[in-house]
Amino acid sequence: MTASVVRHGGFNELRDVRLGDGNEPCLGLATDVGTTTIVVCLVDMADGRILAASSGHNRQAACGDDVIHRIVCAETEGCAS
Amino acid sequence: MSEMGLASINGLIGEALDSAGAHVRRVKNIVVAGNTVMTHLPLQIEPRHIRRTPYIPTVAEFPILEAGTIGLKAHPAAAVFVMPGPASYVGGDIVAGVLLSGLHREAPLTLFLDVGTNGEIVLGNHEWMLTAACSAGPAFEGGGIRWGMRAEAGAVENT
């Protein structure tokens, strides 16, 4: 059995339990959400190696170039949409 | 707006997973850094008081979230750590920069700059820190300028 645990505030929180020996390394994502550009790095959590990276435009840019326009846009259409 | 932000992030996660040949369920941790507006919108948190009185973010410190709950492409129970954004325009980028550089533990003064569409700076040391923010988009991306453009081919015609 393999358990995935997150430690915070002095507690261990169980996130996932699977059958078998989970030898395959756990992966993490580092995400930089920029107003214009978003960058994602895929990281091997065992040794910190960056396995892949990708970057692209934030599609919200259709609603305006800067953060103020994004807030105005969210206000008019409701931020859930 | 919320969906556009999430779709952009998920598209890039998909690309990174494909190029590494990794399965989505192996992703168990996600760290997200962005300015306050960029963290509020994908999480469907009301952003209006960032630009209106009292000029504060609705949420400054986020609990650990689950990828499945907010719709990020990862193992549904993956832990999502969103960097705190302490003030309206002082967001997770600058907090991540402080943590990485460790300037808050050093005696000498350090100036850390994040020059993005939303530019933020922090100056300080182990005793105090000052932050400020302003839009750098017009200078580097031509945002809000009639004949402005991004720093790409054609921006400089000849020298």
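Everything below is about the structure printed above this text.
Everything in this summary refers to the structure shown in the same document. (Residues numbered from 1 in each chain as written. Chains lettered and ligands numbered in written order. Predicted model: local features only at pLDDT ≥ 70, side-chain atom pairs only at ≥ 80, totals over all residues. Heavy atoms only, no water.)

### Side note on unusual backbone geometry
Residues and elements named next belong to chain B.
- Across the junction of Thr53 and Pro54, the peptide omega takes the value 5°, indicating a cis bond.
- Its location among the elements puts Pro54 in the loop between helix H2 (36–40) and strand E2 (65–66).
- Phi is positive for Gln44, close to 60°, though the residue is something other than glycine.
- Within the secondary structure, Gln44 sits in the loop between H2 and E2.
- Phi at Tyr55 is positive, roughly 55°, even though this residue is not glycine.
- Along the chain, Tyr55 turns up in the loop between H2 and E2. (Helix = DSSP H or I, 4+ residues; strand = E, 2+ residues; numbered from the N terminus.)

### Looking at the environment of Val24 of chain B
Residues and elements named next belong to chain B.
- Position of Val24 relative to the elements: it lies in the loop between helix H1 (2–20) and strand E1 (27–34).
- Considered as a pair, Val24 and Thr58 are 34 residues apart in the sequence and their alpha carbons are 31 Å apart.
- Dropping the residues within four chain positions of it, Val24 is found in contact with Leu17, Lys73, Ala74 and His75. (Contact = heavy atoms within 4.5 Å.)

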